[in-house]
Amino acid sequence: MRLTPLPPEDLTADQRPLYDDICEFVDANFGDVVARRADGALIGPFNGWLHHPQFGGPAWRFNRALWEHRVLPPAVHQLVILVTAAKVGAPYEVRGHEVFALRAGLAEETIAAVAAGERPPTLTPEEGIAYATAAVLIRGRPLPESTYRAALAAFGATGVAEIAFLVACFTMVGATLHAFDG
């Protein structure tokens, strides 16, 4: 790691509220996905965000908003994140979202294929639309009109926005991990 993990007793007044908010959320939602060391120091993207709370605070709020205000079915939500994580290639992000995707109901063979960067042949119609939308966006390409219309028909305007913002957010998560995890 390029940044030393910060145990709670070493946090500044600017870092402590962000730490507390992340920990509250992690404790309520992460289950067996490890986000803290035994000494309480956060790992993964959270450590980088804590070191730079002026950027990490808004990054965390963006990430949390996508969880709290999701309209996509849980499996589709996690599929989009996993497509993004696989393309970005940050191991912590991929491993964590493999667990979340399984918990959300995606089949193990689907998760394995997506995590390996492949499009699984067994996607449901909704999953296929979400996969296609995320795959185009993560490549940095304009979303074709036909793909946009299919996503709009399947998920509504807010669902399409959620897909776009998930790709943006989890690209940012991956960049944070690549920058600071060494």
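Scope of this entry: the structure provided in the associated data block. Everything numeric here is computed off the predicted structure, so don't read it as measured data.

To continue, consider the packing of aromatic side chains. The final tally for this structure, using the stated rule, is nine aromatic pairs. Both rings, one in phenylalanine 30 and one in phenylalanine 46, keep their centres 6.0 Å apart while their planes meet at 55 degrees; by these two values the pair is tilted. Here phenylalanine 30, found in the loop between helix H1 (16-29) and helix H2 (45-51), pairs with phenylalanine 46, found in helix H2; they are 16 residues apart in sequence, far enough to count as distant. A relative accessible area of 5% places phenylalanine 46 in the buried class. Aromatic pair phenylalanine 30 and phenylalanine 100: ring centres 5.1 Å apart, planes at 75 degrees, arrangement edge-to-face. Pair noted here: phenylalanine 30 is in the loop between H1 and H2 and phenylalanine 100 is in helix H5 (residues 91-104), with a separation of 70 residues, a long-range link. Residues phenylalanine 30 and phenylalanine 100 agree in their burial class; the two are buried. Joined through ring pairs, the aromatic side chains of Phe25, Phe30, Phe46, Trp49, Trp60, Trp67 and Phe100 make up one cluster.

Inspection of the entire model under this criterion finds seven salt bridges. Among the salt bridges present, the one from arginine 16 reaches aspartate 20, with a minimum N-O distance of 3.0 Å. Here the residue arginine 16 and the residue aspartate 20 both occupy positions in helix H1, the gap between them amounting to four residues, near one helical turn. The class for arginine 16 is partly exposed, based on a relative accessible area of 33%. The closest approach of N and O atoms between aspartate 27 and arginine 36, which form a salt bridge, is 2.2 Å. Accessibility expressed as a relative area gives 54% for aspartate 27, which makes it exposed. Looking at arginine 36, the relative accessible area reads 28%, which means it is partly exposed. Each of Asp21, Arg64 and Glu68 takes part in salt bridges that share partners, so that together they form one network.

A pair of packed helices is captured by two measures, namely the crossing angle of their axes and the spacing between those axes. Between H1 and helix H3 (residues 53-68), the least distance of the axes is 10 Å, while the angle of their chain directions is 25 degrees. With respect to their mutual orientation, H1 and H3 come out roughly parallel. In terms of crossing hand, the pair formed by H1 and H3 is left-handed. Seen from H1, the contacting residues are Leu18, Asp21, Ile22, Glu24, Phe25 and Asn29; seen from H3, they are Pro53, Gly56, Gly57, Trp60, Arg64, Trp67 and Glu68. Classifying every residue of the contact of H1 with H3 by side-chain character gives six nonpolar, three polar and four charged.

On to the side chain of threonine 147. Looking at the secondary structure, you find threonine 147 in helix H8 (residues 145-180). Taking relative accessible area as the criterion, threonine 147 reaches 16% and is therefore assigned buried. If we skip the residues at most four places from it in the chain, threonine 147 touches Ala132 and Thr133.

The next subject is the nonpolar core. Phe30, Phe46 and Leu79 are the most contacted members of the largest nonpolar core, which totals 53 residues. Among the secondary structure elements, those contributing two or more residues to this core are H1, H2, H3, helix H4 (74-88), H5, helix H6 (108-115), helix H7 (125-138) and H8. Element by element, the count of residues in this core is highest for H8, at 10 residues. The contacts of leucine 79, once residues within four sequence positions are left out, are Leu106, Val114, Leu123, Glu127, Ala130 and Tyr131.

In the structure shown here, the tally under the stated rule is two cavities of 30 Å³ or more. By volume, the largest cavity amounts to about 210 Å³. Lining the largest cavity are 19 residues, and of these Phe30, Phe46, Asn63, His97 and Phe170 lie nearest its centre. Contributing elements (two or more residues each) for the lining of the largest cavity: H2, H3, H4, H5 and H8. Among the elements that make up the lining of the largest cavity, the one with the highest residue count is H5 (five residues). Across the lining of the largest cavity, the residue classes break down as 14 nonpolar, four polar and one charged.

The rules behind each value
Residues numbered from 1 in each chain as written. Predicted model: local features only at pLDDT ≥ 70, side-chain atom pairs only at ≥ 80, totals over all residues. Heavy atoms only, no water. Phe/Tyr/Trp six-rings, centres within 6.5 Å; stacked < 30°, edge-to-face > 60°. Helix = DSSP H or I, 4+ residues; strand = E, 2+ residues; numbered from the N terminus. Buried < 20%, exposed > 50% of the residue type's maximum accessible area, 1.4 Å probe, protein only. Salt bridge = Lys/Arg side-chain N within 4 Å of Asp/Glu carboxyl O. Axes fitted to C-alpha atoms, helices over the stretch in contact; angles between N-to-C directions. Parallel < 35°, antiparallel > 145°, perpendicular 65-115°, else oblique. Left-handed = near helix turned anticlockwise from the far one by under 90°. Contact = heavy atoms within 4.5 Å. Nonpolar A, V, L, I, M, F, W, Y, C, P; charged D, E, K, R; others polar. Core = buried A, V, L, I, M, F, W, Y, C linked by side-chain atoms within 4.5 Å. 1 Å grid on protein atoms, 1.4 Å probe; cavity = no way out; pocket = protein on both sides within 12 Å on 5 of 7 lines; lining within 4 Å. Points joined across faces, edges and corners; volume = space filled by probe spheres on them.

Treat this as a map of the structure, not an account of what it does.
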